[in-house]
Amino acid sequence: MISQHFPILQVVLPLIAAPVIILLRNGRAAWLLATTVSWVSLIIALALLEQVSAGGVISYAIGSWPPPWGIEYRIDQVNAFLLVLVSLIAAVVSVYSRASVDAELPREQHYLFYAMFALCLAGLLGIAATGDAFNLFVFLEISSLSSYVLIALGRDRRALMAAYQYLVMGTIGATFYIIGVGLLYLMTGTLNMADMAHRLSGVAEVKPVLAALAFITVGICLKLALFPLHLWLPNAYAYAPSAVTAFLAATATKVSVYVLLRFYFSVFGASAIFLALPMGQILLVLSLAAMFIASTVAIFQSDIKRMFAYSSVAQIGYITLGISFDSATGLTAGIVHLFNHALTKGALFMLLGCFALRLGRVSFSDIGGIARVMPVTAFGIVLGGLSLIGVPGTVGFVSKWYLVLAALESGQWWIALAIVLSSLLAVVYVWRFVEVAYFHQPDAKLAKLKEARLEMLVPAWLMIAACIYFGLDAELTVSGAAQAAATLLQGVR
């Protein structure tokens, strides 16, 4: 049955689509192929999630070499949840991208954009699906290299500098990661992560293992933009094409968080990370720093994309804060916020792309009174901003509610207070947009504008609608995150 090969098809389809798009060299055909592959990937991801929920872990041996000798794709509740998220975002952004790319990129670059989009999607899905530590590195580089090209396609010349900065930081992160994997291979003799976890329990010499943990932690934290290793992110998000920003903001850092979770809980084990070492306290401090410092910096940005980019750094802090609690509730909060923030920030950057379509830029000085001429787009951004704040009825509230519960469970009421106070900073930078967009008079040039095209507005508003729906009925997302958290925690205590 073809369903037996879903784990490999999930990755192979977009991987094959990329060179085919290069050969076609036709923008319209490239968009059609990339969109088709994205939606097929979503269908496969949903089927895998259903299979895992019904029958448990799926192990797929590449080339009929049984693990741990060969590369294994291993799907459980954790990465099945992530595969759905990544493919869902890709499917929506691919529809949105047609009008956005037409407006922002020269026609001769359209096919290149879709080729890199498909390649980046293949890399991100491969990271989530693989059970091999070195194979994960390969997919990490595939997604990173294509991301550098996608960012560099931005029409602002500063996009080249942003891509170069990301390349340098990403290369350092990948180098740290592969050094850590090399040390683990030296100590265990295997690259299969499940087998590696089993063999680490019998390793007597702990110093190389601790060194491996340090290298992997720093390398992955560079990729997920954990404060203060986030310096590549604001420029990358601000100067990349709108569709690229929406896709990367909703997927790339979330996949890196998954890698951190996989190594901390499935390979090293929570007891080694959080009981024997002060990793929980380190993550807690860095998370709080991200929540407050990045949100404060966001308040003073003149470019709206940069403002929401710094907001992303703060929101990553909320995700890692949930991880730092080392509890079922904390992990559930972190994983559900991973999903919720992807919806929110994907929607916000797509709506900002609607502004970019009409204005060319999205700075506060350019959008005075824009809610009067583009009310649908502006109201969508307000709803997305409410989700960032954590207003009841939005997905942001669900995430922060579970974070507060985790803090109170651990007896650290002051962290619950910190979550509320940091949310007030989000009120400030969201209000900046509301004030400029709604309480200023549009100038003569702005008054001539009209709403963006429907093929951009509809995908963006579908994401906003999801932010409201899953904020009002969180059973599906919270139960999925809780099952993923239970999977990570089982067998390591």
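Please read these numbers as outputs of a predicted model, since none were measured by experiment. (Residues numbered from 1 in each chain as written. Predicted model: local features only at pLDDT ≥ 70, side-chain atom pairs only at ≥ 80, totals over all residues. Heavy atoms only, no water.)

Q: Before we move on, can you summarise the environment of Leu136 with the specific residues and values?
A: Considering the arrangement of structural elements, one finds Leu136 in helix H5 (residues 133-152). Given the relative accessible area of 0%, Leu136 is considered buried. A sequence separation of 264 residues divides Leu136 from Lys400, and the C-alpha atoms of the two residues are 31 Å apart. Discounting chain neighbours no more than four positions away, the residues touching Leu136 are Ile127, Thr130, Tyr177, Met193 and Val259. (Helix = DSSP H or I, 4+ residues; strand = E, 2+ residues; numbered from the N terminus. Buried < 20%, exposed > 50% of the residue type's maximum accessible area, 1.4 Å probe, protein only. Contact = heavy atoms within 4.5 Å.)

Q: Tell me what's going on with the packing of aromatic side chains, and back it up with residues and numbers.
A: Tallied over the entire structure, the rule returns 17 aromatic pairs. Seen from their ring centres, Tyr166 and Trp232 are 4.2 Å apart, and the 10 degrees between their planes marks the pair as stacked. With a gap of 66 residues between them, Tyr166 in helix H6 (residues 158-188) and Trp232 in the loop between helix H8 (207-224) and helix H9 (233-239) connect regions that are remote in the sequence. No difference in accessibility class separates Tyr166 from Trp232, as the two residues are buried. Between the aromatic rings of Tyr469 and Phe470, the centroid separation amounts to 5.2 Å while the plane-to-plane angle is 75 degrees, which identifies the pairing as edge-to-face. A residue is classified by how much of its surface remains accessible, and Tyr469, at 47% relative accessible area, is partly exposed. Taken together, the ring pairs connect Phe81, Phe339, Tyr469 and Phe470 into an aromatic cluster. Note that Arg98 overlies the ring of Trp31, its terminal NZ or CZ placed 4.9 Å from the centroid. Over the ring of Phe364 we find Arg432; its NZ or CZ atom is 4.1 Å from the centre of that ring. (Phe/Tyr/Trp six-rings, centres within 6.5 Å; stacked < 30°, edge-to-face > 60°. Lys NZ or Arg CZ within 6 Å of the ring centre and 35° of its normal.)

Q: Break down the pattern of salt bridges for me, citing the residues and quoting the values.
A: The tally for this structure, following the rule as stated, stands at three salt bridges. Across the pair Arg74 and Glu72 runs a salt bridge whose closest N-O atoms are separated by 3.2 Å. Note that Arg262 is salt-bridged to Asp76, the shortest N-O span being 3.0 Å. Of this pair, Arg262 sits in helix H10 (residues 242-268) while Asp76 sits in the loop between strand E2 (72-75) and helix H3 (77-104), placing them 186 residues apart in sequence. According to the relative accessible area criterion, Arg262 is buried, its value standing at 8%. Exposure remark for Asp76: the relative accessible area of 7% places this residue in the buried category. (Salt bridge = Lys/Arg side-chain N within 4 Å of Asp/Glu carboxyl O.)

Q: Explain the environment of Leu388 to me, using residue names and the numbers behind them.
A: Among the structural elements, Leu388 can be located in helix H15 (residues 375-389). According to the relative accessible area criterion, Leu388 is buried, its value standing at 1%. Put simply, Leu388 and Lys254 are 134 residues apart on the chain and 16 Å apart in space, counted from C-alpha to C-alpha. In this structure Leu388 touches Phe308, Ser311, Gln315, His341, Thr344, Lys345, Leu348, Lys400, Ala426 and Tyr429, once residues within four positions along its chain are discounted.

Q: How would you sum up helix H20 (residues 475-489)? Please name residues and give values.
A: Residues separated by three or four positions in an α-helix point in the same direction, a consequence of the helix having 3.6 residues per turn. Here H20 is 15 residues long and its end C-alpha atoms lie 21 Å apart, about the 21 Å a rise of 1.5 Å per residue gives. Three or more residues of H20 are buried, namely Thr477, Val478, Gly480, Ala481, Ala484, Ala485, Thr487, Leu488 and Leu489. Where the residues of H20 are buried, they touch H3, H10, helix H14 (328-359), helix H16 (395-409) and helix H19 (454-472). (Expected span 1.5 Å × (residues − 1).)

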